[in-house]
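Below, each chain spelled out in residue letters.
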Amino acid sequence: MTNKQKYRDFCKKEKDIPIFSKDWWLDSVCGKDNWDVVLFEKGGEIWGSLPYYKTKKAIFEIITMPKLTQTMGVYIKYPAKQKYYKKLSWEKEVMNNLILNLPKVDYFSQNFDKRVTNWLPFYWAGFKQTTRYTYVIENISIKDLENNFETDIRRRRRKAYKIGIEVFESDDIEKFYELNSMTFLRQGIKIPYSFEFVKNLYTVCKQNDAVKMYFAKNSENIVIAANFLVYDDNSVYYLMGGIHPDFKDLGGMDIVQFESIKFALESGRAFDFEGSMIESIERYFRSFGAMQKPYFNISKINSKLLKIRQLIKNKC
């Protein structure tokens, strides 16, 4: 069996593998032939994995993040009842093996899942780390959730319900993409993925019981906001959203997000806003009472030409 075939079986058995590293997700966002995986095997069993998306940019071969994919990186399965010292030793053994078996490329850059808190073996192998942040709501009652909302969120929610805004679930991927496109258009940015890409991703997620879309409509049945959620056994992720610019101040997105968070908590999952390093978006996520969680971007430049370019860029 190839590594990819072994990994497909591994994904079926290991329920804790995040959705963004699942084989079927990678088939959709990368293309079935455009991703691969390195594995750490011991005693006839898989104990670690690192899937990767390999592509070309100009003359350079790179490993990078595919579209609409928040994290990938290392997944480690731990032997039972390990002491902390042994756990760190185990992580070092697994990661060292995975690093050694990565393909040689000019540039490597991946976001690791927030549960990966030890990147030392990558540091020792010459990789660099940048800390990024997401915002997560977990292990809280709905009542306490509402108490943690910032004042403006409470006010806009009350206003939305008072003027008759309603939230509903739908499979209308065309309407979602329309609203999502409006959000990019309002910012003067070209939408970075096609309708077919999003439609295919939705279909695959639906087949794997891993997607929901919530919509908000006003009293005239005009759909004014929507979001696109994906989820695994542990977390619900806010993947994308969209707001009609003519109705952006009515609180539609606020109550859409509230219903999404309720779904996560009531199903025993965490709600992950997927974070943003953009100040205004970070503030909005934080206003729901979400907790800041760090995750790592791990990178390495192998190409001498790219290293020179980076040096010149840093000095300019």
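Provided above is the structure to which this section pertains.
Below or above, wherever it landed, is the structure these notes cover. (Residues numbered from 1 in each chain as written. Predicted model: local features only at pLDDT ≥ 70, side-chain atom pairs only at ≥ 80, totals over all residues. Heavy atoms only, no water.)

### A short note on the overall build of the chain
The line we're drawing: The helix and strand labels rest on DSSP assignments: H or I over at least four residues marks a helix, E over at least two residues marks a strand, and numbering proceeds from the N terminus. Note on method: radius of gyration uses C-alpha positions; expected globular size equals 2.2 Å times residues raised to 0.38. Each residue is placed in one exposure class: buried if its accessible area under a 1.4 Å probe, protein chains only, is under 20% of its type's maximum, exposed if it is over 50%, and partly exposed if it falls in between. What makes two residues a contact is simply this: any of their non-hydrogen atoms within 4.5 Å.
On a plain count of helices and strands, the chain comes out with 11 helices and 12 strands. For the chain, the C-alpha radius of gyration of 21 Å lies close to 20 Å, the compact-globule estimate for 316 residues. Within the chain, buried positions represent 48% of all 316 residues. Contacts spanning at least 24 positions in sequence make up 71% of the contacts within the chain whose residues lie at least 6 apart.

### A look at empty space enclosed by the protein
Short version of the rule: Buriedness of a pocket was judged along seven lines, with at least five required to meet protein on both sides within 12 Å; pockets are open sets of points on a 1 Å grid over the protein atoms alone, cavities are sets where a 1.4 Å probe fits but cannot get out, and lining residues have an atom within 4 Å of a point. Grid points are joined across faces, edges and corners, and a volume is the space filled by probe spheres set on the points. Only Asp, Glu, Lys and Arg are considered charged, only Ala, Val, Leu, Ile, Met, Phe, Trp, Tyr, Cys and Pro nonpolar, and every remaining residue, Gly among them, polar.
By the definition in use, this model includes 1 cavity of 30 Å³ or more. Roughly 60 Å³ of volume is contained in the largest cavity. Looking at the lining of the largest cavity residue by residue, the classes come out as 3 nonpolar, 3 polar and 3 charged.

### Brief notes about the pairing of strand 5 (residues 107–111)
To be explicit about the condition: Criterion used throughout: strands pair if DSSP finds at least two bridges between them.
The buried fraction of strand 5 is high, at 4 of 5 residues. Sheet analysis places strand 5 next to strand 12 (residues 291–301), joined by 5 bridges and oriented antiparallel. Bridging from a neighbouring strand, S109 pairs with S299 of strand 12.

### Topic: the packing of helix 7 (residues 173–186) against helix 8 (residues 195–207)
A pair of packed helices is captured by two measures, namely the crossing angle of their axes and the spacing between those axes. Which entries qualify depends on this criterion: Note on method: axes are straight lines fitted to C-alpha atoms, helices fitted across the in-contact stretch only, with angles between N-to-C directions ranging 0 to 180 degrees. Should an angle fall under 35 degrees it is called roughly parallel, over 145 degrees roughly antiparallel, and 65 to 115 degrees roughly perpendicular, with every other angle called oblique. Working rule for handedness: look at the near helix, and if it is turned counterclockwise from the far one by less than a right angle, call the crossing left-handed; if clockwise, right-handed.
Interhelical geometry of helix 7 versus helix 8 gives an angle of 130 degrees and a closest axis separation of 10 Å. On the basis of the axis angle, helix 7 is oblique to helix 8. Handedness of the helix 7/helix 8 crossing: right-handed. Between helix 7 and helix 8, the contacting residues are I173, E174 and Y177 on the first element and F195, V198, K199 and Y202 on the second. Of the residues belonging to the contact of helix 7 with helix 8, the class tally is 5 nonpolar, no polar and 2 charged.

### Concerning the environment of C30
Residue position: C30 is located in helix 2 (residues 23–30). C-alpha separation for the pair C30 and Y231, spaced 201 residues apart in sequence, amounts to 19 Å.

### Brief notes about the side chain of N180
Topologically, N180 is positioned in helix 7. Apart from the residues lying within four places of it in its own chain, the contact partners of N180 are I191, Y193, M240, G241 and G242.

### Focus: the pattern of salt bridges
Here is the rule: Criterion for a salt bridge: a side-chain nitrogen of Lys or Arg within 4 Å of a carboxyl oxygen of Asp or Glu.
Evaluation of the coordinates by the stated rule reveals 19 salt bridges. Note that D27 and R8 form a salt bridge whose closest N and O atoms lie 2.9 Å from each other. Here R8 lies in helix 1 (residues 3–13) and D27 lies in helix 2, a separation of 19 residues in the sequence. Salt-bridge contacts for K212 lead to E169; the nearest nitrogen and oxygen are separated by 3.0 Å. Of this pair, K212 sits in strand 8 (residues 211–217) while E169 sits in strand 7 (residues 166–169); the two residues are 43 residues apart in sequence, bridging distant segments of the chain. Assessed through its relative accessible area of 17%, K212 is described here as buried. In this structure E169 comes out as partly exposed when scored by relative accessible area, which is 46%.

### Thoughts on the packing of helix 6 (residues 151–162) against helix 9 (residues 252–266)
Here helix 6 crosses helix 9 at 100 degrees, and the two axes come no closer than 8 Å. One element, helix 6, and the other, helix 9, form an angle in the roughly perpendicular class. On helix 9, the residues that touch I153, R156, R157, A160 and Y161 of helix 6 are D254, I255, F258 and E259. Looking at the contact of helix 6 with helix 9, its residues break down into 5 nonpolar, no polar and 4 charged.

### Topic: the layout of surface pockets
Size it by volume and the second largest pocket reaches roughly 620 Å³. In terms of lining residues, the second largest pocket is bounded by 18 residues, among which Y107, K300, I301, L306 and Q310 are the most central. Elements with a minimum of two residues in the lining of the second largest pocket: strand 3 (60–64), strand 12 and helix 11 (304–315). Here the lining of the second largest pocket is built from residues that sort into 7 nonpolar, 5 polar and 6 charged.

### Describing the packing of aromatic side chains
Our working definition: Stacked, tilted and edge-to-face pairs are distinguished by plane angle, under 30 degrees for stacked and over 60 for edge-to-face with tilted covering the rest, among Phe, Tyr and Trp rings (Trp via its six-membered ring) whose centres lie within 6.5 Å. Here, a charge over a ring means that NZ of Lys or CZ of Arg falls within 6 Å of the ring centre while also lying within 35 degrees of the ring normal.
Inspection of the entire model under this criterion finds 26 aromatic pairs. With a centroid separation of 5.8 Å and an interplanar angle of 75 degrees, the aromatic rings of Y202 and F228 are classed as edge-to-face. You can see Y202 sitting in helix 8 and its partner F228 sitting in strand 9 (residues 223–231), a full 26 residues away along the chain. A ring pair is formed by F273 and F285, whose centres lie 4.7 Å apart and whose planes are at 25 degrees; its orientation type is stacked. Note that F273 is positioned in the loop between strand 11 (270–272) and helix 10 (279–286) and F285 in helix 10, a separation of 12 residues in sequence. With a relative accessible area of 5%, F285 lands in the buried category. The rings of F149, Y238, F258, F271, F273, Y284, F285 and F288 are connected pair by pair, giving a single aromatic cluster. Here the guanidinium or amino end of K87 rests over the ring plane of Y78, the centre of that ring lying 5.3 Å away. In this structure, K212 is placed above the aromatic ring of F263, and the distance from its NZ or CZ to the ring centre is 4.8 Å.

Any functional reading would require information that these geometric values do not contain.
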